[in-house]
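# Structural description and commentary
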Amino acid sequence: LGKTIATGNWGAGVFGAYVELKAIIQLMAAAVAAVPLRYCTFGNAALAHQLQRLHHLLHQRRVTVADIFDALRRYVLVDDGGGGGGGG
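So, here is what we can say about the structure in this document. Residue positions are given per chain, counted from 1 along the sequence in the order it is written. Only residues with pLDDT of 70 or above have their local features reported here, since the model is predicted, and side-chain atom pairs are shown and tallied only from 80 upward, although totals for entire chains, interfaces and linings are computed over all residues. With hydrogens and water set aside, each side-chain value is computed from the structure's full complement of heavy atoms.

### Structural notes on the overall build of the protein chain
Note on conventions: DSSP H or I runs of at least 4 residues are helices, E runs of at least 2 residues are strands, and numbering of each starts at the N terminus. The helix and strand tally for the protein chain stands at three helices and two strands. Ordering the α and β elements of the protein chain from the N terminus gives β-α-β-α-α. Among the 88 residues that make up the protein chain, the fraction classed as buried is 20%. When checking whether two residues touch, look at their non-hydrogen atoms; a contact exists if any pair is within 4.5 Å. A separation of at least 24 residues holds for 56% of the contacts in the protein chain among residues at least 6 apart in sequence. Method for areas: the Shrake-Rupley scheme with a 1.4 Å probe, in which residue coverage is limited to the protein chains shown. As displayed, the protein chain has an accessible area near 6400 Å², and 59% of this comes from carbon and sulfur atoms. Under the scheme applied here, a residue whose accessible area is under 20% of the maximum for its type counts as buried, over 50% as exposed, and between as partly exposed, the area being computed with a 1.4 Å probe on protein chains only.

Here you go:
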């Protein structure tokens, strides 16, 4: 039986309600586990469209989980002033 991860915006408040970041982290986890991801946007059509576009772009450009992780790490370092302790 094939398995699929079904998830959504749960816990996005931890990331300042930045649901895009939450979705990216879950997409990365599903990719590492080699399990399809079904991300429920709970009627938020704009978010659904945005995530579909993001997924298509990442796939089209052959972006790896490591690439995304590095980009997120660089963002945190810049946002944090270089300390690496998190945003803000």
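### Quick look at unusual backbone geometry
Of note in the backbone geometry, Ala34 takes a positive phi value of approximately 55° without being a glycine. In this fold, Ala34 is placed in the loop between helix H1 (19–33) and strand S2 (37–39). In this model, Phe42 sits at a positive phi of 55°, which is unusual for a non-glycine residue. Among the structural elements, Phe42 can be located in the loop between S2 and helix H2 (45–60).

### What about the side chain of Thr7?
Among the structural elements, Thr7 can be located in strand S1 (residues 5–7). Look at Thr7 and you get buried, because its relative accessible area is 9%. Reaching out from Thr7, the side chain makes a polar contact with the side chain of Gln26 at a distance of 2.3 Å. The contacts of Thr7, once residues within four sequence positions are left out, are Gln26, Leu37, Arg38, Tyr39 and Cys40. Two N or O atoms count as a polar contact when they lie within 3.5 Å, although within protein this holds only if one can serve as hydrogen donor and the other as acceptor, and sequence-adjacent residues are included solely when both atoms are side-chain atoms.

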